[in-house]
Amino acid sequence: MDGLLHQSVLVLNAGMAPIEICTVRKAILDIFREIAFAVVDSPHMLRSPSLSVAAPRVISRRHYHRLPRRKPPLNKWTIFQRDDHTCAYCRRRFAAADLTVDHITPRSRWQRLMSDPPPYLYHSWRNVVAACSRCNSIKGSRLLGELGWRLERAPQEPEWMPHLVISRRRAERMGWLEFCAFNVKLVDDSGDSGPAVTD
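Rules of the game
- Residues numbered from 1 in each chain as written.
- Predicted model: local features only at pLDDT ≥ 70, side-chain atom pairs only at ≥ 80, totals over all residues.
- Heavy atoms only, no water.
- Helix = DSSP H or I, 4+ residues; strand = E, 2+ residues; numbered from the N terminus.
- Core = buried A, V, L, I, M, F, W, Y, C linked by side-chain atoms within 4.5 Å.
- Buried < 20%, exposed > 50% of the residue type's maximum accessible area, 1.4 Å probe, protein only.
- Contact = heavy atoms within 4.5 Å.
- Arc of directions from axis to C-beta.
- Phe/Tyr/Trp six-rings, centres within 6.5 Å; stacked < 30°, edge-to-face > 60°.
- Pairing = 2+ DSSP bridges.
- Patch = residues over 30% accessible without salt bridge, like charges linked within 9 Å, V, L, I, M, F, W, Y side chains within 5 Å.
- Areas by Shrake-Rupley, 256 points an atom, 1.4 Å probe, with all protein chains shown as cover.
- Salt bridge = Lys/Arg side-chain N within 4 Å of Asp/Glu carboxyl O.

Mapping His-63 onto the fold places it in the loop between strand S4 (51-61) and helix H3 (76-82). With 118 residues separating them along the chain, His-63 and Ala-181 place their C-alpha atoms 21 Å apart.

Here it is, written out as structure tokens:
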């Protein structure tokens, strides 16, 4: 039973948008405190001498309507997510394990090419892109113009990112898929998908 209590439960707000993932233990406590109600139950039952209750898979908060806001941190996982796991140079999609982060203007050229003060920082959303290992190796410390390459669009800081990143396989297995149309990024690879991915 202890293992069942620590399984994952998708939590929806009152508008049925996913906002977090909690444990079965916390979900049941919220249901008994009437903070939430079960939307989808698993086939597994939790039993005590006086009570028998289905372990929930999805719950909804009764009165919480807001969506959590978050300013995405600048790290390789959020860069891959912003760029949709697509290499900025060859435009092919890759698993996270096959992607790297490339600085468009390399450090060795930065000081000479940028004004003082520079319009943005060297390690900023505007100077980093997802790149496959092959393209990153070919580019090295050269500029895009020297290679005859160009970006399809200039990289920018994302205004918004989904609050949850969940593997599609996990969402299907847990019966969460129908609730993942908003505020969730579904990823197809469960390899090196980073700490934000719930898999």
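Now, onward.
Phe-80, Cys-87, Tyr-89, Ile-104 and Leu-151 are the most contacted members of the largest nonpolar core, which totals 20 residues. Where this core is concerned, the elements lending two or more residues are H3 and strand S6 (128-132). The element contributing the most residues to this core is S6, with 5 residues. Once residues lying within four places of it in the same chain are set aside, the contact partners of Leu-151 are Ala-88, Tyr-89, Ile-104 and Leu-144.

Take helix H2 (residues 24-32) next. Where H2 is concerned, the buried positions are Val-24, Ala-27, Ile-28 and Asp-30. Taken down its axis, H2 places every buried residue within 160 degrees of arc, on the same side.

What follows concerns the packing of aromatic side chains. Tallying each qualifying case throughout the model produces 4 aromatic pairs. Every member of this aromatic cluster is reached through a ring pair, and the members are Trp-110, Tyr-120 and Tyr-122.

With that out of the way, let us pick up the pairing of S6. Counted residue by residue, S6 has 5 buried out of 5 residues, so it is predominantly covered. Burial along S6 is two-sided: Val-128, Ala-130 and Cys-132 facing one way and Val-129 and Ala-131 facing the other are all buried. Pairing geometry for strand S5 (residues 99-103) and S6, over 5 bridges, is antiparallel. Among the inter-strand pairings, Leu-99 is bridged to a residue of S6, identified as Cys-132.

Attention shifts here to the environment of Gly-15. Locating Gly-15 in the fold gives a position in the loop between strand S1 (8-12) and strand S2 (18-23). Sequence separation between Gly-15 and Pro-158 is 143 residues; the distance between their C-alpha atoms is 24 Å.

In this section: unusual backbone geometry. Most peptide bonds take the trans configuration, and most residues that are not glycine carry a negative phi. Going from Asp-116 to Pro-117, the amide bond is cis rather than trans, its omega being 5 degrees. Residue Arg-91 is not a glycine yet carries a positive backbone phi of 65 degrees. Here Arg-91 lies in the loop between H3 and S5. A positive phi is found at Asn-183, a non-glycine position, where the angle reads about 70 degrees. By relative accessible area, Asn-183 is classed as buried at 3%.

On the surface, Leu-67, Trp-160 and Phe-182 cluster together to form a nonpolar patch covering roughly 300 Å² of accessible area. Structurally, Trp-160 is set in the loop between helix H6 (144-147) and strand S7 (164-167). Among the residues examined, Trp-160 registers a relative accessible area of 45% and is labelled partly exposed.

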